[in-house]
Amino acid sequence: MNNDNPSSDAGNVPDCSALVAQWIRPEVRAINAYHVPNPGELIKLDAMENPYSWPEALRDSWLAQISSTAINRYPDPGADELKSALRKALAIPDDCSILLGNGSDELIQMIAMAIATPERVVLAPEPSFVMYRMIALMVGMRYEGVPLNASFELDSDAMLAAIKEHEPALIFLAYPNNPTGNLFDKDAIAAILKASPGLVVVDEAYFPFAGSTLMDWLQQYPNLLVMRTVSKMGLAGLRLGYLVGSEQWLQHIDKMRLPYNINVLTQESARFALENIAVFDAQTRQICEDRETLFQQLCALDNLEVFPSQANFILFRVPGWASQDIFEQLKQRCVLIKNLGNQPGLLKDCLRVTVGTQQENAQFLQALRDIIKP
Ligand SMILES: *Cc1c(COP(=O)(O)O)cnc(C)c1O
C-alpha cells in the first residue's frame, strides 16, 4: 500500500511472508482492506460528504476559538462539555447516556468488542453498511447477513427466522439504510426488537436528512441503542460518533474505549459547530431539496431505475449498462461516484451518487446524459 519509500524494493527489508501466514489470523488475511480511492481532481460524489464549507465569519470565529486550545494537554477524558452540547443541540433524552467514538465506526467496534465471543453472531440485513460485517470478523465473531427484499425493505419473515435460528448477540439496522437510502418499516423494526434476544443497534448516520428517528423508542426497548455521527451533516473530518441509550449498557461498552479517543481539536470544534447548528440545518435542508430535484431529474432520464432516498445520496441503475462502465466513463468526465454493482445479488449494476452542490449535481447529470444518450 505504501509506495512512499521506493528504496524498500532494494532488498533491505526481510521477507516476512511465512511469519505473517503463521500469525495473522486467517480470517483477517482474507479481509479485503476497505479501499478509499484518492479523489485527485475529481468532483467527489462518492462518500456522502456535505459539499458546503462554512461562511467566512464562522470560520474566523472557529479559528479564534481553537487557537487557545491546550494541545500540550490530554483531552478531557469524558468530553463532558461536548456531551452537554450534543444533548442540547440534538434533543437527546435526559435519562439516556451518551458514549462518544472516533467516528461511529469506532463505536461499532467498541460494541462488538464488548460482546464478542467466537460462538456469538452479529446479524444485519444485506445490502447494508459494510463495516458491520468487517468489524464482526475483526473481533472474531460469526456474521450472518439476511437479504432485504427486492424493494430493499426488511424481509420480516427471513429476519425473524434468522433471529430464531442464530440467536444473534448483536443486530445492526441502518435507518435510513446505506447504500439503499430507504427508511425500513417501523413495524418490521419493532418486531425485530421484540424477537431479538440480544442487543439491537439502530444506526442513524443519516438522521439529519431523514426526518425520522427511533430515539424515542429507547424508553420502551431495553435491548435498543441508537447510534449517530456528525460526519454526514458536514463534519466528517472531525471523526465523531455518538451512541445513545441506557447507562447500564454504555458503562460496559465504555470500557472498550481507548483513553482520550476524542482529541482536543475535535472536542472544541464539534462544540463550536453545535453552537452554530443552524448553519448545518440550513445546509441539510438545501441538500434535501436538491436530493428531490436530482431524484426527479434521474427519473426523467430514459428508463433509469432510481430508488427513493431519505439520505444524502441516491442509488440507481442504468438498464442495459454494466455499472462498471458507467462508473469509468463518469470518471473520465471527472465525476467520482460509487460503483456497488460488480457482484451478483440485489445491488447488481447499482451505482450510488452523493448529493453535492447544485453545480456538482448538474455536472454529474450532464456527464451521465452524455454517456447513456442513444
Ligand atoms: C458513513 C456511515 C457510518 C460511519 O460514520 P463515521 O461516523 O464517519 O464513522 C456509519 N454508519 C453508516 C450507515 C454510514 O453510512
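Rules used throughout
Residues numbered from 1 in each chain as written. Predicted model: local features only at pLDDT ≥ 70, side-chain atom pairs only at ≥ 80, totals over all residues. Heavy atoms only, no water. Helix = DSSP H or I, 4+ residues; strand = E, 2+ residues; numbered from the N terminus. Buried < 20%, exposed > 50% of the residue type's maximum accessible area, 1.4 Å probe, protein only. Polar contact = N/O pair within 3.5 Å; in protein donor to acceptor, adjacent residues only side chain to side chain. Pairing = 2+ DSSP bridges. Right-handed = clockwise from strand over helix to strand, strands pointing away. Near = heavy atom within 4 Å. Areas by Shrake-Rupley, 256 points an atom, 1.4 Å probe, with all protein chains shown as cover. Salt bridge = Lys/Arg side-chain N within 4 Å of Asp/Glu carboxyl O. Domains from an automatic or database assignment. Contact = heavy atoms within 4.5 Å. Buried area = accessible area lost by both parts, 1.4 Å probe. Nonpolar A, V, L, I, M, F, W, Y, C, P; charged D, E, K, R; others polar. Axes fitted to C-alpha atoms, helices over the stretch in contact; angles between N-to-C directions. Core = buried A, V, L, I, M, F, W, Y, C linked by side-chain atoms within 4.5 Å.

Asks: Explain the side chain of Thr 229 to me, please; I cannot follow it from the model alone.
Replies: Residue position: Thr 229 is located in strand β7 (residues 224-229). Among the residues examined, Thr 229 registers a relative accessible area of 4% and is labelled buried. Reaching out from Thr 229, the side chain makes a polar contact with the backbone nitrogen of Ser 231 at a distance of 2.9 Å. A distance of 3.3 Å separates the side chain of Thr 229 from the backbone oxygen of Leu 240, its partner in a polar contact.

Asks: Would you mind showing me how to read the pairing of strand β5 (residues 170-174) here?
Replies: On any regular strand, side chains alternate: one points to one face of the sheet, the next to the other face. Counting buried positions over the five residues of β5 gives five, a clear majority of the element. Across the two faces of β5 the burial is the same, with Leu 170, Phe 172 and Ala 174 and Ile 171 and Leu 173 all buried. Across two bridges, strand β3 (residues 121-126) lies against β5 in parallel orientation. Paired with Val 122 across the strands is Leu 170, a residue of β5. Examined bridge by bridge, β5 and strand β6 (residues 199-203) share five bridges and lie parallel to one another. Bridge assignment links Ile 171 to a residue of β6, and that residue is Val 200. For the handedness criterion, the β-α-β arrangement of β5, helix α8 (residues 186-195) and β6 is classed as right-handed.

Asks: So what exactly am I meant to see when it comes to the site of the ligand here?
Replies: Residues in contact with the ligand amount to 13 residues; listed here are only the nearest, Asp 203, Tyr 206, Thr 229, Ser 231 and Lys 232. Within the backbone of Asp 105, a nitrogen or oxygen atom sits 3.1 Å from an oxygen atom of the ligand. Arg 239 places a side-chain nitrogen or oxygen 2.7 Å from an oxygen atom of the ligand. Protein contact buries 94% of the 390 Å² of open area that the ligand shows by itself. Contributions of two or more residues to the shell around the ligand are made by α5 (104-115) and α10 (231-235).

Asks: Got a minute to help me understand the pattern of salt bridges in this structure?
Replies: Should the charged atoms of two oppositely charged side chains come close, the side chains can pair. Under the definition given, this model contains ten salt bridges. Residue Arg 271 is joined to Glu 81 by a salt bridge in which the shortest nitrogen-to-oxygen separation is 2.9 Å. With a gap of 190 residues between them, Arg 271 in helix α12 (residues 264-275) and Glu 81 in helix α4 (residues 80-90) connect regions that are remote in the sequence. A salt bridge links Glu 268 to Arg 271, with the nearest nitrogen and oxygen atoms 3.2 Å apart. Highlighted residues: Glu 268 and Arg 271, both in helix α12, separated by three residues, approximately one helical turn. Taken together, the shared-partner salt bridges in this structure form one network comprising Lys 44, Asp 46 and Glu 49.

Asks: Mind showing me how you'd approach the domain arrangement of the protein chain here?
Replies: How big an interface is tends to be reported as the loss of accessible area on association of its parts. Under the domain assignment, the protein chain is made up of domain 1 (30-53 + 279-372) and domain 2 (74-275). Using C-alpha coordinates to define each centre, domain 1 is positioned 25 Å away from domain 2. Each partner contributes to the interface: domain 1 provides 22 residues, whereas domain 2 provides 28 residues. Across the domain 1/domain 2 interface, buried area totals approximately 2000 Å², and carbon plus sulfur atoms make up 73% of it. Broken down residue by residue, the surface that domain 1 buries against domain 2 is led by Phe 280, Gln 310 and Leu 346, which jointly contribute 30%. One can count zero salt bridges joining domain 1 with domain 2. Linking domain 1 to domain 2 there are four residue pairs in polar contact (both at pLDDT 80 or more). Mapped by element, the contributors of at least two residues to the side of domain 1 that touches domain 2 are α13 (277-300) and β10 (313-317). Split by residue class, the side of domain 1 that touches domain 2 holds 14 nonpolar, six polar and two charged.

Asks: Looking at this structure, how should I read the sheet that holds β5?
Replies: To summarise the sheet geometry, strands pair through backbone hydrogen bonds and adopt either a parallel or an antiparallel arrangement. In space, the seven strands of this open sheet follow the order β2-β8-β7-β6-β5-β3-β4, with mixed pairing throughout. Strands at the two margins of the open sheet, each flanked by one partner only, are β2 (97-101) and β4 (142-147). On average, each strand axis in the sheet is inclined to that of its neighbour by 25 degrees, with strand direction left out of account. Of the strand pairs in this sheet, β6 and β7 are connected by four bridges, and their pairing is parallel.

Asks: How do you make sense of the sheet that holds strand β12 (residues 338-339) when you look at a structure like this?
Replies: One open sheet holds the four strands; their spatial order is β9-β10-β13-β12, and the pairing between them is antiparallel. Each of the sheet's edge strands pairs with one partner strand only, and the pair in question is β9 (305-307) and β12. For β10 and strand β13 (residues 350-354), the ladder comprises five bridges, and the chain directions are antiparallel. Counterpart to Arg 317 in the pairing with β13 is Cys 350.

Asks: Is there a simple way to think about the nonpolar core in this case?
Replies: Nonpolar side chains tend to gather and get buried jointly when the protein is soluble and globular. Counting residues in each nonpolar core, the largest one holds 58 residues, and the members touching the most others are Leu 82, Leu 100, Leu 154, Ile 189 and Tyr 242. Considering every element that reaches this core, the biggest residue donor is α8, with five residues. Each of two domains, domain 1 (30-53 + 279-372) and domain 2 (74-275), supplies a minimum of three residues to this core. For Ile 189, the contacting residues outside a window of four places in its chain are Leu 154, Leu 173, Tyr 175, Phe 184, Leu 214 and Trp 217. Core analysis: the second largest hydrophobic core is formed by 34 residues, Ile 43, Ala 205, Tyr 206 and Ile 337 among them.

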